[in-house]
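# A look at the structure
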Amino acid sequence: MSTPETRQAETRQAEPRQAPASLLQQARSLLIRTMTFYRDDPRTAGWLRERLERLDHPLRIAVTGRVKSGKSTLINALVGQQLAPSDAEERTHVTTVYQYGPEPRITVHTPHGATQNVPVTALDISTIRNLQRWRPDEVSRLVIEAPFPGLQAITLLETPGVSSSAVTETGRSALAQILSEADGVIYLTRYPHQTDLRFLESMHELRITRRAPINTILAISRADEAGSGGGDSVPAADKTARRYRDDPRVRTFAQYVLPVAGLLGQGAAELTTDEVAALTELARLDSRQLEELLLSADRFANNTFPETVPTETRLRLLERLGRFGVERAVGLVSEGTRELKKLRSALLDESRLNELHEAVYQQFVERQEALRARSVLMAVDMVLRANPRSGAQQLNGEFEHLLSNSHEWDELRLLSALRSGQVRFDKQDRESAERLLGAHGNQRQSRLGCTSDASEATLADAASSALTHWRELAANPMHDRLHHEATRTVLRSCERLIARQVQS
Ligand SMILES: Nc1nc2c(ncn2[C@@H]2O[C@H](COP(=O)(O)OP(=O)(O)OP(=O)(O)O)[C@@H](O)[C@H]2O)c(=O)[nH]1
Ligand SMILES: [Mg+2]
């Protein structure tokens with residue numbers, strides 16, 4: 001017969017082992033407790049509830065930056081559909097959220113908290129354009145829902161340009177407030193100026209953003225217009241991006257600095273067979289004629305040869321691909337890339353949109369747990385600072401604890417630094433570090449490079465040899481401070497893997 005003690009032991013054994021709470025679980029629980037603490041203040045509690053509900057929705061990425069830096073065009077390129085109105089004049093005055101919904105829907109939010117649905121059966125760009133012209137004191141936000149697959153994993157949010165009249169009117173802090181709602185930020189500028197850097201720095205003044213500066217991608221936009229605007233433009237933008245990537249000031253807030261030609265990205269995604277036919281006609285010209293034709297947009301549009309490509313078609317090609325895009329497309333067709341799908345994909349590469357997609361995936365989608373935890377902590381911090389109350393010390397303490405003791409922030413910062421080339425290890429160590437930091441999955445097996453069915457003994461061996469190796473590297477006196485810190489972070493990840501082993 002079993003005694004109460006043995007029964008207790010049996011129950012303990014039968015219970016599934018409880019994994020330690022993840023950073024996001026801990027942050028969520030802190031958010032719920034903060035909400036309960038402020039339950040007698042409906043505005044604050046409601047605001048926190050909204051943040052809690054967002055955890056069940058796609059990640060929110062803000063596309064912000066300079067006026068006319070190509071924000072709307074990039075949103076269209078990322079979604080793969082024409083949705084955000086783009087124009088040569090300053091257009092986006094109102095913060096606009098593009099999110100997934102089963103039916104097209106437009107909701108207008110006023111600064112006083114009222115909302116109104118605009119009846120639509122299909123999403124018409126001109127309706128959105130007209131609504132975006134409202135002043136920020138009349139319309140504070142537009143929410144556009146569309147059944148586009150490109151919006152299923154991420155919600156995109158366009159803010160008015162950093163130096164736009166709308167932002168001058170409402171103040172920079174209002175813009176910073178909008179950005180604090182986003183889990184990730186893509187900042188666009190054609191050439192980084194002091195204004196951009198100061199703005200990005202100011203966004204990183206909060207304690208949390210200093211501790212976890214992991215949510216910003218800096219994009220050198222309209223890259224096809226860099227330099228002379230000809231065939232060497234994107235490489236010229238690449239050079240600018242590299243220079244900023246190496247700038248220690250920029251590195252503190254952006255781990256990825258990339259060039260992108262959004263217009264070409266959008267044009268490539270929507271390329272038609274008629275356009276391929278026109279490009280094929282243009283590719284028949286000899287190289288001297290072609291060079292002459294492409295000297296300027298005017299020449300390209302108004303020349304009479306080849307007659308088989310009418311002026312409207314040329315204008316349309318220029319409008320949709322830009323001069324650089326037309327030049328590269330004709331070049332690719334001449335080299336034999338004539339199939340629509342292949343040409344689309346080659347032009348997407350030329351536009352660097354693929355790289356941006358990859359950066360969004362690696363930096364944001366793969367790290368969404370940490371980014372969401374970061375957003376939650378930011379919300380809790382904002383509430384605790386804006387509404388200080390006696391009795392909040394415990395919440396404050398937990399916030400501090402999650403902020404300071406979460407090794408996850410160090411891991412994410414190091415992963416970005418390894419990817420951006422800021423921290424360099426030899427190939428083998430780099431691969432080992434990335435794996436151990438969770439680049440290929442957060443499971444113990446993936447971190448240790450073992451198969452999913454590896455035995456405890458195999459995992460223990462892998463963990464112990466990783467620990468020995470990184471302990472040796474961490475003791476190397478030849479490393480500079482950056483590399484020393486990096487090896488310490490990987491070592492700490494090894495120690496945590498061993499600790500997880502002991503717990504299991
Ligand atoms: N050549 C080229 N033109 C671009 C690119 N991206 C945008 N444009 C053009 O630049 C102009 C502004 O583009 P938008 O996408 O409206 O820029 P925006 O940043 O959303 O503008 P606002 O919201 O008004 O600040 C339009 O005429 C676009 O066609 C690009 O990658 N290359
Ligand atoms: Mg815009």
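Since the structure is predicted, the reported quantities are computational estimates derived from the model, not experimental observations. (Residues numbered from 1 in each chain as written. Chains lettered and ligands numbered in written order. Predicted model: local features only at pLDDT ≥ 70, side-chain atom pairs only at ≥ 80, totals over all residues.)

### Quick word on helix α18 (residues 353–365)
Listed in full, the buried residues belonging to α18 are Leu-353, Leu-356, Ala-359, Val-360, Gln-363 and Phe-364. Relative to the axis of α18, the buried residues are bounded by an arc of 115 degrees and lie together on one face. (Buried ≥ 20, exposed ≤ 12 C-beta atoms within 10 Å, placed from the backbone. Helix = DSSP H or I, 4+ residues; strand = E, 2+ residues; numbered from the N terminus. Arc of directions from axis to C-beta.)

### Notes on the environment of Val-333
Residue placement: Val-333 occurs in helix α16 (residues 311–334). According to the C-beta neighbour criterion, Val-333 is buried, with 21 such atoms within 10 Å. For Val-333 and Arg-284, which are 49 residues apart along the polypeptide, the C-alpha to C-alpha distance reads 9.4 Å. For Val-333, the residues in contact, after removing those within four places along its chain, are Leu-279, Thr-280, Ala-283, Arg-338 and Leu-343. (Contact = placed C-beta atoms within 7 Å.)

### Side note on the nonpolar core
One finds Ile-61, Tyr-98, Ala-219 and Leu-258 to be the most contacted residues of the largest nonpolar core, which totals 122 residues. Looking at this core, the element that brings in the most residues is helix α19 (residues 368–386), giving nine residues. Apart from the residues within four sequence positions on either side, Ala-219 is in contact with Ile-186, Tyr-187, Leu-188, Leu-258, Val-260 and Leu-356. (Core = buried A, V, L, I, M, F, W, Y, C linked by C-beta atoms within 7 Å.)

### So, helix α17 (residues 340–351)
With twelve residues, α17 extends 16 Å between its outermost C-alpha atoms, agreeing within 8% with the 16 Å of an ideal straight helix rising 1.5 Å per residue. Inspection of α17 places Leu-343, Leu-347, Leu-348, Glu-350 and Ser-351 among the buried residues, and these make up the whole buried set. End-on view of α17: buried residues confined to an arc of 155 degrees, all on one side of the axis. Set apart from the buried face of α17 by more than 90 degrees, the exposed residues are Lys-341 and Lys-342. Looking at the buried positions of α17, the neighbouring elements they touch are α10 (233–245), β9 (256–260), α12 (262–269), α13 (273–283), α16 and α18. Directly after α17, the chain includes Arg-352, whose backbone phi takes a positive value near 70 degrees. (Expected span 1.5 Å × (residues − 1).)

### Brief notes about the packing of helix α4 (residues 71–79) against α12
Direction vectors running N to C along α4 and α12 enclose 35 degrees, while the axes themselves pass 8 Å from each other. The chirality of how α4 crosses α12 is left-handed. Facing α4, whose interface residues are Thr-73, Leu-74, Asn-76 and Ala-77, α12 presents Gly-262, Leu-263, Gly-265, Gln-266 and Ala-269. In terms of residue class, the contact of α4 with α12 is made up of four nonpolar, five polar and no charged. (Axes fitted to C-alpha atoms, helices over the stretch in contact; angles between N-to-C directions. Left-handed = near helix turned anticlockwise from the far one by under 90°. Nonpolar A, V, L, I, M, F, W, Y, C, P; charged D, E, K, R; others polar.)

### With respect to the domain arrangement of the chain
The domains assigned to the chain are domain 1 (60–182), domain 2 (266–351) and domain 3 (423–503). Of note, the centres of domain 2 and domain 3, computed from C-alpha atoms alone, are 49 Å apart. (Domains from an automatic or database assignment.)

### Some thoughts on the pairing of strand β1 (residues 59–65)
β1 sits mainly inside the fold: seven of its seven residues count as buried. Burial of β1 is two-sided: the residues Leu-59, Ile-61, Val-63 and Gly-65 facing one way and the residues Arg-60, Ala-62 and Thr-64 facing the other way are all buried. Taken together, the five bridges between β1 and strand β6 (residues 154–158) define a ladder with parallel strand orientation. By the bridge assignment for β6, Ala-62 is matched with Leu-157. (Pairing = 2+ DSSP bridges.)

### So, the packing of α13 against α16
Relative orientation of the contacting elements α13 and α16 amounts to 55 degrees, with a least axis distance of 10 Å. The orientation of α13 with respect to α16, classified from their angle, is oblique. Crossing handedness for the pair α13 and α16: right-handed. Between α13 and α16, the residues in contact are Glu-275, Ala-278, Leu-279, Thr-280, Leu-282 and Ala-283 and Thr-313, Leu-317, Ala-329, Val-330, Val-333 and Ser-334, respectively. (Parallel < 35°, antiparallel > 145°, perpendicular 65-115°, else oblique.)

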